[in-house]
Amino acid sequence: MIWLGIAIVLGTFWLIYKNYEARLVLFLSGMLMTALGISFGGSAIGFPQAVDAFVKQFVNGGLVPTYTTVMGFGYVMSYTKCADHLVNALVRPLARVPLLVIPGAVIITWFLNIVLPSAVGIAAAVGVLLIPALIALKVRPVMAAAAVFLGTWGSVVSPGLMFNPQIADIAFKAGEIEAPDAMIVILSEFFPALCGALISAVMLAVLAIFMKEGVGSQTDAKAEASASAEDFRVNYFYALVPILPLFLLVIASKEVGLLPAKVFTVPCCMLIGTGIGLIIALINKLSPGEASKKFCRGCGDAFCEVALLIAAAAVFASGMKSIGLTGALVDAMQGNQSIAMASAVIGPWLMAVVCGSGNAAALAFNEVITPHAADFGMTVVQLGAVAQVAAGLGRTISPVAGGVIVIASIAGVNPIDICKRTFIPVCLALGTFTAGMYLF
């Protein structure tokens, strides 16, 4: 039964790699393992329990309001152009210090991805502005694209990313933290992630110098400035609106405590930001009703893309328990901390590299293995954070990731050439983050 379960799991990830619908594949695999567990293993976990695991994710009060309101807020910021004001406000100072152009582009994208946690969305929003600006500074198009792509893993420390609320919920159920607050997870992983981002940005700048692709290396007609970017007039008040909810969350966190955390939750802060966005829509003679529709569309897209994926992963995890695979994995890792530590890094990272998204692998790992972190001498936050960040970084060197395809089309280069340049920086970032979470 264990070997049969392993075969089903491998087959599941192979189908996801072949671009079959991940939610359907996870759900059907989970139900298949549940059926086998009932038929041959005498498992106490049956179909009602698997369906219950599926449904519970639709009404998970710690998860659903978080990622739906974050994406809804992001849609409003795009509609009102507040996101464009923020991008332009951050990009323009780069031209004054050529040495900081490449690492600065990486870090700007990384921080913006925290505010707008969609890798493809940030690739499009930032890439269309930042890549022409870098090319205007005579950076080679492929290096300009690599600088933007390398920053598209900043969402790993966003309250809107599905994994941070999920890890907080698991840690709360395990009695590790006092409340299922995603900010507790984010603040514990932020500094190691920031160190990884800085090291990767510097490494890319070194590669740009070594490969002669940095500022001043481009001499052909592609190095003409973008008139639209130059003519854009930045309103710095509008530029601050996208980061307002994040600022409120930080000062309301337990570690800062300037605002009551029970009041200023993620949904509350996102709704505050959305309300300001509606006012800005009125000021700019945009339709507040249309802005409201954008918010609702964002919430709906988040439920479709995230809630259903988490629900399908819950069925998959339930199936693994039914067939006895979860118990076998925990027993194999128990008492051998190094195996659990390596699995959290390698599994989600490799899955993200080969299929362009590590969501399925990271979700499955967090559902199955992360709740048992104490058995391996680690905390839920440590193990879960490493798994989800490894997935985010794996996506940042995948030539089939949606973000790199968008960026490559903007820059007019090959996605594989972009990934060749992000590979070494990503490996350094992963090593830095993993060491920070496991050792300190």
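That block above? That's the structure.
Quick caveat: nothing in here was measured; it's all calculated off a predicted structure. (Residues numbered from 1 in each chain as written. Predicted model: local features only at pLDDT ≥ 70, side-chain atom pairs only at ≥ 80, totals over all residues. Heavy atoms only, no water.)

Colleague: When you look at the state of the cysteines in this model, what are you seeing that I'm missing?
Modeller: Here is the idea: a disulfide is a covalent bond, and it sits between the sulfur atoms of two cysteines. Going through the model one piece at a time under the given rule, you end up with 0 disulfides. With no disulfide of its own, Cys82 lies closest to Cys269 among cysteine sulfurs, the gap being 17 Å. Considering cysteine sulfurs only, Cys299 is the nearest to Cys304, which forms no disulfide, with 13 Å between them. Looking at Cys304, the relative accessible area reads 32%, which means it is partly exposed. (Disulfide = S-S within 2.5 Å. Buried < 20%, exposed > 50% of the residue type's maximum accessible area, 1.4 Å probe, protein only.)

Colleague: Explanation requested: the environment of Leu309 in the structure shown.
Modeller: Positionally, Leu309 belongs in helix H15 (residues 288–323). The class of Leu309 is buried, set by a relative accessible area of 8%. Once the C-alpha coordinates of Leu309 and Phe54 are considered, the two residues, 255 residues apart in sequence, prove to be 9.7 Å apart. Setting aside chain neighbours within four positions, we find Leu309 in contact with Ala22, Arg23, Leu26, Met162, Asn359 and Leu363. (Helix = DSSP H or I, 4+ residues; strand = E, 2+ residues; numbered from the N terminus. Contact = heavy atoms within 4.5 Å.)

Colleague: In this structure, what is going on with helix H20 (residues 402–411)? I would like to understand it.
Modeller: The periodicity of an α-helix, 3.6 residues per turn, causes residues three or four positions apart to be oriented the same way. Taken together, the buried positions of H20 are Gly403, Val404, Ile407, Ala408 and Ala411. Each buried residue of H20 lies within a common arc of 125° when the element is viewed along its axis, so the set occupies one face. Buried residues along H20 sit against helix H7 (119–136), helix H8 (141–150) and helix H21 (415–439). At the C-terminal side of H20, Gly412 shows a positive phi close to 70°. (Arc of directions from axis to C-beta.)

Colleague: Is there a simple way to explain the pattern of salt bridges in this structure?
Modeller: Pairing of side chains with opposite charge becomes possible as their charged atoms draw close. As enumerated under the stated definition, the model contains 6 salt bridges in all. The salt bridge partner of Lys56 is Asp52, with a shortest N-O separation of 3.4 Å. Within this pair, Lys56 and its partner Asp52 are both found in helix H3 (residues 47–56), separated by 4 residues, close to a single helical turn. Here Asp52 falls in the partly exposed class, since its relative accessible area comes to 37%. The partner of Arg421 in a salt bridge is Glu213, with the nearest N and O atoms 2.8 Å apart. With Arg421 in helix H21 and Glu213 in the loop between helix H10 (182–210) and helix H11 (227–231), the pair connects residues that are 208 residues apart, well separated along the chain. The class of Arg421 is buried, set by a relative accessible area of 12%. (Salt bridge = Lys/Arg side-chain N within 4 Å of Asp/Glu carboxyl O.)

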